[in-house]
Each structure stands twice: as C-alpha cells, then as structure tokens.
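Commentary on secondary and tertiary structure
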Amino acid sequence: MFRKILIANRGEIALRIICACKELGIPTVAVYSQADQHSLHVRFADEAVCIGPAPSSESYLNIPAVISAAEITNTDAIHPGYGFLAESSYFAEVCEACGITFIGPSPEVIRMMGDKDVARKAMKEAGLPVVPGTDKIQGSISSALNAADEIGYPVIIKAAAGGGGKGMRIVHSAEDLPNALEIAQNEAISAFGIGGVYLEKYIPVARHIEFQILADHHGSVVHLGERECSIQRRHQKLIEESPSPYLTPELRAEVGRLAVQAARTVHYANAGTMEFVFDDRGHYYFIEMNTRIQVEHPVTEFVTGLDLVKEQIRLAGREPLGYTQKDIVFRGNALECRINAECPDTFLPSPGKLKTFHPPVGIGIRVDSAAYNEYVITPYYDSLIAKIIAFGRNRQESIRRMKRALEMTVVEGVHTTIPLHQRILSNEDFRAGRIHTHFLEQMNQNSAPG
Ligand code: ADP
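Residues numbered from 1 in each chain as written. Predicted model: local features only at pLDDT ≥ 70, side-chain atom pairs only at ≥ 80, totals over all residues. Heavy atoms only, no water.

**Regarding the domain arrangement of the protein**
Here the protein is partitioned into domain 1 (5–103), domain 2 (132–201) and domain 3 (206–447). Using only C-alpha atoms to locate each centre, domain 1 and domain 3 end up separated by 24 Å. In this complex, domain 1 contributes 32 residues to the contact, which on the side of domain 3 involves 28 residues. In terms of surface lost to domain 3, no three residues of domain 1 exceed Glu 12, Arg 16 and Tyr 82, which account for 27% of the buried area on that side. Our count for the contact surface shared by domain 1 and domain 3 stands at five salt bridges. Per-element tally for the side of domain 1 that touches domain 3: the top contributor is helix α1 (residues 11–24), with ten residues. Partitioned by chemical class, the residues of the side of domain 1 that touches domain 3 number 17 nonpolar, nine polar and six charged. (Domains from an automatic or database assignment. Contact = heavy atoms within 4.5 Å. Buried area = accessible area lost by both parts, 1.4 Å probe. Salt bridge = Lys/Arg side-chain N within 4 Å of Asp/Glu carboxyl O. Helix = DSSP H or I, 4+ residues; strand = E, 2+ residues; numbered from the N terminus. Nonpolar A, V, L, I, M, F, W, Y, C, P; charged D, E, K, R; others polar.)

Pasting the structure below:
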C-alpha cells in the first residue's frame, strides 16, 4: 500500500478522502490555496502545503505546484477527488512520469472518456446502446443540417470536452440550428478552451440513471448498481438516490452486465461511472463516463456497505478486487440532497459567511461537509455547503428521514437550496417516483400563481 497520499482537492471531498486514508492507516498531505488556510482538510491532514493564491488556476489546477508539494513531502500517490484535476489525462500522465500513482484509471482511458464523442464510439463498439448522434461537427453548416435531419428533431448540441452542463443547447428545428451551433461552440471555447461539438438525439422525457463500477488491474469488474439522478437544474444534479424507483431487478442486471462488459473492453481499472438516459418506453442509451469518484457516491456506499474511496485506493495499489458480482448485496434505499449556498429560485450563488451551521443528526443520516460556524463560502470555488444523505429501509422511510433532517439543519448567513429540497420532497409525483429531468421546471410551473 502507499507510503503517503496527497489530496489534490479541497472541501468536503478532501475530508472524505482523509477519512478513508485514516481508516487505512495511510498518512495524508493536504494542499491548499491562500483562501483555504483555515479549512478543515488542512487541519485534519497529517501535513499541509500551500500551493498558491485563491484562484484555482493558480492553486488547485496548478500542476507544477501540486507535483512539487508531492515531491517535497515524499508522497507516492495522489487522490484527485472530483473536479479540478480529476479528469485531466495530462495530470495523470505527469504523475506517472514522476513515479507517483494517480488514484484513478490510466491516462489513456481518461483521455478517451474525456472526449465525449470518442467515448460514445468506444462504448458503442463495447456493446452499449448510444443515443443516435454524430461525430464532431466539421465543415459546413449544411453537413450539420443533414445530420440533424437524419437524427430527427429535437437534437441536443453537446461540447465534446463538456462537463457541468456547459456548452449544451437543445434545438427544435433546422431554422434554429446554425445559430445554436455558433453559441454552443463559443460557450465550449470559453468553458473548456476547445470548440468541438457534436449532435445527439434529444430525449424529451428522460431519466438520468448511472451505474457505478469498480475494476481492478487484473481483469475483475463489478457494478454496484445504479444512482437515479433525474432531479436536476440546468442539467446539473440536485438530488440523487439508489436504487432508482424506475429499474426492475431484471433491467438493473441487464444494464449492469453491459456496463461491466464495456469497462472490461476498454481495460478500465479503478472506480468509474457510466451515465445513461432512459426514455419513457424502456429504451436506454449511454451518454458519458466519469472516470473519477462522483459527488453522489455516498448513496451507493449506503446501499452496498462498501467504502468507495478505500476501494479506489486499494485498486490503485493494484490489489485484487477480492469479491465478485454475486457478493454485492443491495440493502435499503439512500437519498442525497446537495445543499448549496445558492438562491433557491434563481440558482445564483450566494457566497458569504455561515453565521451558524448546525448539521442534522440522528439515525440513518450522514453529512459530508467541510463547513463549520463562521466558515466562509468564497466565490472562488463551488458553492456546496454540505451533502446530506439519508438511509432508510425503503424509499418512503429515507424521504421522511431526509425531510426531518432538513428541518433540523441550521444554516444562517447565506441563501441555501434547502427550501427547494423541502418542496421537492413534499411533491406527490416525487414521492411516487414519477420523476424525469424536467421535473423541477414542471413542479415550478404547476405551483406558479395564476
Ligand atoms: P455534462 O457532462 O455537461 O454533465 P451530460 O452529457 O452528462 O453533460 O448531460 C447532462 C444532462 O443533460 C443529463 O443528465 C440529462 O439530463 C441531459 N441530457 C444529456 N444528453 C441528453 C439527451 N440525449 N437527451 C435528453 N437529455 C439529455
């Protein structure tokens, strides 16, 4: 196992990784920006190195600074968490070249999955159904118009380098395509520095359901079931749960088997997530693969009893998985609400100081957070205050548990998404499992006055 692990991240996920390392008995190194000197990840790691000023381009994304911190602390592995450098194949390569283990899959696989239209092709060849779509749009507008005609409207334009819902545009008619292409390309350039976009058939009534997989370096792969992530705003997840109220055991086994087979085909090693959209007629399609730990991993941990971060570390250390698919037993239901410092109506960030922060307590509740009283949510990083995860024997119990947990959460000083979560949890369609990716818009429309 590793001598020491450096955590190239901040916030709740840095703390989460520290928890896993402590349980494995591996010392940790935190890196931090000047804005984070009073952060809990700095306090709880065994060592800490300041790697630059507040803007992430000068600190958490500064590869030479992160690598230098690893070298001066004699670290032999780096956990990237999610965001920042987690899906940088270049960073994974630099780690490798410096003799440091990157806790994640190989740079080649990260690169393949990071280019979403390349990933689509690879996964199609590996046997997964993909949404009808195109390669990267090249050349004249007329070829894009022809392709869209063939796919059939509505189509969705996506950035090949995409993430965080950026650079996506839904187009309903040929008339709107040229303009939308230009906007999406510009958005992609400003968000990712690369303008490549492609088209996919847009599924109007869709559910986002993703499969967690774990794979070792010796060819063993298992899936840990699914996470239902259909409650979204601006194509970004707000509530996640496992199991999905939509999947039957047969469908779970079928998609899980395909996901495992696809992971094996691309020689995937470590934890990864394959995301699918399901339409309302039982069809499902691969949309992308995330080659890192996900924000919503705790719901899977509750229902499987596995510690995904410890598994990632073990697998990066080339240990064998040590269990097979039939050893994975699913129990109960888990639900996660992302509590962001955000205006619950406009979703605009609401940075500031938390005058009071009191997380919920009680049976079946887990809180992953790096916040405390007087903690400052800065405008430099994401606005996540806490992830609250409820576990129950069934969906109804975890919903009730989550509702009371949110009632018992005190956050003063900034706006939060808690009131929105409360409305969703009380909604009859949500409670009945009738959810899809436009659930929120529909709920807001239905409750609009007049
Ligand atoms: P990103 O990487 O930017 O998060 P994704 O490809 O994961 O982008 O898509 C984000 C969300 O957009 C999905 O969860 C889903 O709600 C919606 N979406 C993506 N592709 C489609 C599609 N072909 N049809 C309908 N909705 C889609």
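**Notes on the sheet that holds strand β5 (residues 101–102)**
In spatial order, the strands read β3-β2-β1-β4-β5; together these five strands make up an open sheet with parallel pairing. Two strands close off the open sheet at either side, each with one partner strand: β3 (47–52) and β5. Summarising the sheet, strand β2 (residues 28–33) and β3 pair through five bridges and their orientation is parallel. Across the sheet, residue Val 31 finds its bridge partner in β3, namely Val 49. (Pairing = 2+ DSSP bridges.)

**Some remarks on the side chain of Ser 244**
Within the element layout of this structure, Ser 244 appears in the loop between β11 (236–242) and α9 (249–265). Sequence-distant contacts of Ser 244, defined by excluding residues within four places in its chain, comprise Arg 207, Ile 209, Glu 226, Glu 228 and Arg 252.

**Some remarks on helix α11 (residues 308–316)**
Because each turn of an α-helix spans 3.6 residues, side chains separated by three or four positions end up pointing in the same direction. The element α11 is extensively covered by neighbouring structure, given that eight of its nine residues are classed as buried. For α11, the set of buried residues is Leu 308, Val 309, Glu 311, Gln 312, Ile 313, Arg 314, Leu 315 and Ala 316. Of the residues flanking the start of α11, the one acting as N-cap is Asp 307, its side-chain oxygen 3.1 Å from the backbone nitrogen of Val 309. Once α11 finishes, Arg 318 follows within two positions and takes phi at roughly 65 degrees, a positive value. (Buried < 20%, exposed > 50% of the residue type's maximum accessible area, 1.4 Å probe, protein only. Polar contact = N/O pair within 3.5 Å; in protein donor to acceptor, adjacent residues only side chain to side chain.)

**Quick look at unusual backbone geometry**
Of note, the amide linkage connecting Tyr 153 to Pro 154 takes the cis form, showing an omega dihedral of -5 degrees. Mapped onto the fold, Pro 154 is located in the loop between α7 (141–151) and β6 (155–159). Cis rather than trans, the peptide bond between Ser 242 and Pro 243 has omega equal to -5 degrees. For Pro 243, the position within the fold is in the loop between β11 and α9.

**So, the packing of aromatic side chains**
Applying the stated criterion to the full structure yields 14 aromatic pairs. Here the aromatic rings of Tyr 380 and Tyr 381 are separated by 6.0 Å at their centres, their planes lie at 50 degrees, and the arrangement is tilted. Relative to Phe 439, the ring of Phe 430 has its centre 6.3 Å away and its plane inclined at 65 degrees; by these criteria the two rings are edge-to-face. The burial state of Phe 430 is the same as that of Phe 439; both residues are buried. A network of ring pairs unites the aromatic residues Phe 211, Tyr 246, Phe 276, Phe 278, Tyr 284 and Phe 286 as a single cluster. Positioned above the aromatic ring of Phe 347 is the side chain of Arg 233, whose terminal nitrogen or guanidinium carbon lies 5.4 Å from the ring centre. Here the basic side chain of Arg 395 rests over the ring of Phe 430, its NZ or CZ set 4.7 Å away from the ring centre. (Phe/Tyr/Trp six-rings, centres within 6.5 Å; stacked < 30°, edge-to-face > 60°. Lys NZ or Arg CZ within 6 Å of the ring centre and 35° of its normal.)

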